[in-house]
Amino acid sequence: LEPLRTWEQIALAQRSVWRIFLTYVVPLLLLTSVIEAWGMMKWGDWRGDVMKLYYFKLPAAVGFQLVQWVVHLITLFLGARMLKNLGETFHGRHTYQEAFTAVAYGLGPFWSLRVLDAFPGVNPWVSYALGMILMVVVLYHGIPRCMMPDPPQAFGLYITGSVLLA
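A brief look at the structure comes next. Just so you know, these numbers come straight off a predicted model, no measurement behind them. (Residues numbered from 1 in each chain as written. Predicted model: local features only at pLDDT ≥ 70, side-chain atom pairs only at ≥ 80, totals over all residues. Heavy atoms only, no water.)

1. Quick look at the nonpolar core
For step 1, the next point in the chain: Within the largest apolar cluster, 31 residues are counted, with the highest numbers of intra-cluster contacts made by Val25, Leu76, Leu83, Phe100 and Trp111.
For step 2, the next point in the chain: At seven residues, the largest contribution of residues to this core is made by helix α4 (residues 96-106).
For step 3, the next point in the chain: If we ignore the near neighbours within four places in the chain, the residues touching Val25 are Ile20, Leu73, Leu76, Ala104 and Trp111. (Core = buried A, V, L, I, M, F, W, Y, C linked by side-chain atoms within 4.5 Å. Buried < 20%, exposed > 50% of the residue type's maximum accessible area, 1.4 Å probe, protein only. Helix = DSSP H or I, 4+ residues; strand = E, 2+ residues; numbered from the N terminus. Contact = heavy atoms within 4.5 Å.)

Next comes the structure, spelled out in structure tokens:
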């Protein structure tokens, strides 16, 4: 609830990419995937051309979640690489670890709001839109704290990085 202090602690901790991945990303994605899969099996999900409520079986729900995991992990690792490269266009020397830290924690709200997809009455675009808005808000403090760009370039890096991830 205190983004400045929280981002300061995250930036000062300087955790490795794998530590952030194993202690933050994997548990968060696992939790949201289990909740979403449970909702798909218990309450169903709207699918098909005629938008019929379809109740997933366990193998189908797990397969669906595995595909989402792949997409989220590609977004995370590729997004961190692209943010690092963007930072270099703003005359900065940034490490992949700094970019990964900002992207991983920045995508947290987006991934967390996937739990809304467990309810068939909630349109997936609602969770995506709210997640992207919160992601952009979180990155506002995260990119300057983690990547430490020069002050004149910080806002440009934030805007281009946010648009890229959204």
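2. Regarding unusual backbone geometry
For step 1, the next point in the chain: Positioned with a positive phi, Gln14 is a non-glycine residue whose angle comes to about 45°.
For step 2, the next point in the chain: Secondary-structure assignment places Gln14 in the loop between α1 (3-13) and α2 (17-42).
For step 3, the next point in the chain: The exposure class of Gln14 is exposed, given its relative accessible area of 62%.
For step 4, the next point in the chain: A positive phi angle is found at Met148, which is not glycine, with a value near 50°.
For step 5, the next point in the chain: If you trace the backbone, Met148 turns up in the loop between α6 (124-147) and α7 (151-165).
For step 6, the next point in the chain: A relative accessible area of 59% places Met148 in the exposed class.

3. A closer look at a nonpolar patch on the surface
For step 1, the next point in the chain: Residues Val70, Ile74, Leu78, Met82 and Leu164 make up a contiguous nonpolar surface patch of roughly 420 Å² in combined accessible area.
For step 2, the next point in the chain: By residue number, the principal contributor to the nonpolar patch is helix α3 (residues 58-89), which donates four residues.
For step 3, the next point in the chain: Take Ile74: it is sitting in helix α3.
For step 4, the next point in the chain: The exposure class of Ile74 is partly exposed, given its relative accessible area of 49%. (Patch = residues over 30% accessible without salt bridge, like charges linked within 9 Å, V, L, I, M, F, W, Y side chains within 5 Å. Areas by Shrake-Rupley, 256 points an atom, 1.4 Å probe, with all protein chains shown as cover. Salt bridge = Lys/Arg side-chain N within 4 Å of Asp/Glu carboxyl O.)

4. Quick notes on the pattern of salt bridges
For step 1, the next point in the chain: As enumerated under the stated definition, the model contains three salt bridges in all.
For step 2, the next point in the chain: Residue Glu36 is joined to Arg114 by a salt bridge in which the shortest nitrogen-to-oxygen separation is 2.8 Å. Of the two residues, Glu36 sits in helix α2 while Arg114 sits in the loop between α5 (108-112) and α6, which places them 78 residues apart along the sequence. You'll find Glu36 and Arg114 in the same group, each marked buried.
For step 3, the next point in the chain: Notably, a salt bridge pairs Lys84 with Glu88, separated by 2.4 Å at the nearest N-O pair. Taken as a pair, Lys84 and Glu88 lie in helix α3 at a separation of four residues, close to a single helical turn.

5. A word on the packing of α2 against α4
For step 1, the next point in the chain: Closest axis-to-axis distance for the α2/α4 pair is 10 Å, and the angle between their directions is 10°. In terms of orientation, α2 lies roughly parallel with respect to α4. Where α2 crosses over α4, the two elements pack in a sense that is right-handed. For the pair α2 and α4, contact is made by Val17, Ile20, Phe21, Tyr24 and Val25 and by Tyr96, Gln97, Phe100, Thr101, Ala104 and Tyr105, respectively. (Axes fitted to C-alpha atoms, helices over the stretch in contact; angles between N-to-C directions. Parallel < 35°, antiparallel > 145°, perpendicular 65-115°, else oblique. Left-handed = near helix turned anticlockwise from the far one by under 90°.)

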